[in-house]
Amino acid sequence: MSAPGTRLRALANRFCSRQTMERLIDPVIADQQHEYADAVRGGDAWRARWVRVSGCLAFSKVAVVIIGRALTQDAVTEDRGTIGRTIRIAGVATTLLTALLAAPQLWQQSTQTSSVAAFALLALYLLPQALAIGLPMGLVFGVLCGLRGRTTAPRSWAIMVVLVAASSIAALGLLGWLLPAANQAFRELSYRQILLHRPGADYRQPILLKRGFNELTITGCFQRTSISFTSAWRWRRRH
Amino acid sequence: VDESELYGLQLVAASKGRLKRGTVYVTLGRMEEKGFVSSRLEDAPADEGGLPRRIYKPTPFGKRVLAAYAQVARRLNPEFAR
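Cut-offs used in this document
Residues numbered from 1 in each chain as written. Chains lettered and ligands numbered in written order. Predicted model: local features only at pLDDT ≥ 70, side-chain atom pairs only at ≥ 80, totals over all residues. Heavy atoms only, no water. Helix = DSSP H or I, 4+ residues; strand = E, 2+ residues; numbered from the N terminus. Contact = heavy atoms within 4.5 Å. Axes fitted to C-alpha atoms, helices over the stretch in contact; angles between N-to-C directions. Parallel < 35°, antiparallel > 145°, perpendicular 65-115°, else oblique. Left-handed = near helix turned anticlockwise from the far one by under 90°. Nonpolar A, V, L, I, M, F, W, Y, C, P; charged D, E, K, R; others polar. Salt bridge = Lys/Arg side-chain N within 4 Å of Asp/Glu carboxyl O. Buried < 20%, exposed > 50% of the residue type's maximum accessible area, 1.4 Å probe, protein only.

1. Observations regarding the side chain of Thr86(A)
Right, so step 1: Topologically, Thr86(A) is positioned in helix H4 (residues 77–110).
Right, so step 2: When sequence neighbours within four positions are dropped, the list of residues in contact with Thr86(A) reads Gly142(A), Val143(A), Gly146(A), Leu147(A) and Met160(A).

2. Quick look at the packing of helix H2 (residues 18–41) of chain A against helix H2 (residues 24–33) of chain B
Right, so step 1: Two elements in contact, H2(A) and H2(B), have axes whose closest approach is 9 Å; the angle formed by their N-to-C orientations is 140°. Taken together, H2(A) and H2(B) sit at an angle that is classed as oblique. For the pair H2(A) and H2(B), the sense of crossing is right-handed. Across the interface between the two elements, Arg23(A), Leu24(A), Pro27(A), Val28(A) and Asp31(A) of H2(A) pack against Tyr25(B), Val26(B) and Glu32(B) of H2(B).
Right, so step 2: Its residues assigned to classes, the contact of H2(A) with H2(B) comprises 5 nonpolar, no polar and 3 charged.

3. Observations regarding the pattern of salt bridges
All names here are of chain A.
Right, so step 1: Under the counting rule described, the total for this entry stands at 7 salt bridges over all chains.
Right, so step 2: With its nearest N and O atoms 3.5 Å apart, the salt bridge here joins Arg18 to Glu22. You can see Arg18 and its partner Glu22 sitting in helix H2, 4 residues apart, about one turn around the helix.
Right, so step 3: Owing to a relative accessible area of 67%, Arg18 belongs among the exposed residues under this scheme.
Right, so step 4: Residue Glu22 is classed as partly exposed on the basis of its relative accessible area, which comes to 31%.
Right, so step 5: The salt bridge involving Arg187 is made with Glu215; its shortest N-O contact spans 3.2 Å. With Arg187 in helix H6 (residues 154–197) and Glu215 in the loop between H6 and helix H7 (218–238), the pair connects residues that are 28 residues apart, well separated along the chain.
Right, so step 6: Residue class for Arg187 comes out partly exposed when judged on its relative accessible area of 29%.

Below, the structure written as structure tokens:
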């Protein structure tokens, strides 16, 4: 059996600089190996196991610190400019695309809404819908324009990948939960605005519109499709 | 701790829980960058496998900073002196 921490050290050696290895990784591994050797010499098997586990935990804490530092401080100055430029372009592109996509619907609603507050609410409810398309398109545009003709260090690529992954998770949350809720709120508010223009209609009543597929969250979609699937399966068994 | 050379786990033990084994080397690394401590690799015995441990000792500058900090802390918080 190899000494504890040998594999972790080999793994860290692939990604970390020599200084980081000497100052942070090697001391942790060395302590673990010496403590483990002491436990083995003393015949204390449980302590030896505990040293392995606690050594791995200590290593993971150091790894988190190193990754955090790499993401925030150690990027090359020129690369930081590239990353900043990419983020700026992506931000502007996303904002413009979102505004462009929401504008036609808002223009149409502007003639039907009764107050500025209702119009502002409708605009707010429209944002997730437009953002769901604007965010991925803006991000792609930002990456393509920001990195065009530039050589970037692997570390900066890693930062980009982390940023894009975080945006993807945000987009999933947006599409899966925020967008359906906003769609439903938009429908209910629009319906109330229509009622306002109808003489005799009681617009103060709470409006409860049945949710369509566009207004279902991911869990709601799963529930509905599983119900449909079960019904179809039962119908098929009967016939 | 003031004078002797200690490695990470000895510092963790000496700190009575103030330092954690996962973060002691990060702290020591930062202190070394600022010139408060210096380090060297220990001479590992030939029969033992494994990496040599890194041992740390305070620099004269680090000792002066500690003394100054302790003096200020004592004035601000008398409990610190006990």
